[in-house]
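# Coordinate analysis (summary)
The residues making up each chain are set out below.
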Amino acid sequence: MYKLSPLPYDFDALAPHISEATLRVHHGKHHRGYVDKLNAAVKDTDLAGKPLEEVIQAAREKSDQDLFNNAAQVWNHDFFWKSMSPGDSKPSDGLTAAIEEAFEDMAGFKKAFKEAATRQFGSGWAWLVADAGTLELESTGNAELPLALGTVPLICCDVWEHAYYLDYQNTRTDFVDAFLDHLVNWDFASENWQTV
Ligand code: MN3
């Protein structure tokens, strides 16, 4: 059985940037729904109990879109919760240097990430990834994720409407600004950068 990972902080910890009401429905209904559907889909199959990454890969190989969507959305949400933290954090020296090389400075990074998050039409995700030691931005639709693309994700932002509608209604850009200015867990991003 796959489990719903607990949030790494309290439900009210990201307020006012993300409200307790949003986190409760996003984690307790949306994320839980993907976990439940994943468990139902792999029950009594040889994929039951396999690492999530293997399930995602197997679903892709056999073009099982339903299984892919639920497995990938569980992975994406686990990663998204870890991409945020309530406290102030800063990128490591190494990651700062990589940001300056790729985007000139932190303002350049934020501008580029915001573009990646807003050009994704409809539901999806924005990712800061490392590709062969260079930072890049990716946008993916629906449940799609960078795992199979050979890049290493450092952080992601959920840009499905359910991530921001209660707090920001239709203004995704305001949500992404709040994510970039107040919520990014740079300790997590820096740890992921170290594995590249
Ligand atoms: Mn979501």
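This report concerns the structure included in the present document. (Residues numbered from 1 in each chain as written. Predicted model: local features only at pLDDT ≥ 70, side-chain atom pairs only at ≥ 80, totals over all residues. Heavy atoms only, no water.)

The linkage connecting Ala15 with the following residue, Pro16, adopts the cis geometry, with an omega of 5°. Tracing the sequence through the fold places Pro16 in the segment before α1 (20-42). Backbone geometry places Ala132, a non-glycine residue, at a positive phi of 50°. Turning to its location among the elements, Ala132 is positioned in the loop between β1 (124-131) and β2 (134-141). (Helix = DSSP H or I, 4+ residues; strand = E, 2+ residues; numbered from the N terminus.)

The manganese ion binds to the protein through His26 (NE2), His77 (NE2), Asp158 (OD) and His162 (NE2), with metal-donor distances spanning 2.0 to 2.2 Å. One chain supplies every donor to the manganese ion, and in sequence these donors are spaced H-x50-H-x80-D-x3-H. One end of the pair, His77, is in helix α3 (residues 65-82); the other, Asp158, is in strand β3 (residues 152-158), with 81 residues separating them in the sequence. Owing to a relative accessible area of 0%, His77 belongs among the buried residues under this scheme. By relative accessible area, which is 0% here, Asp158 ends up buried. (Donors = N, O, S within 2.8 Å, 3.2 Å for Na, K, Ca; no water. Buried < 20%, exposed > 50% of the residue type's maximum accessible area, 1.4 Å probe, protein only.)

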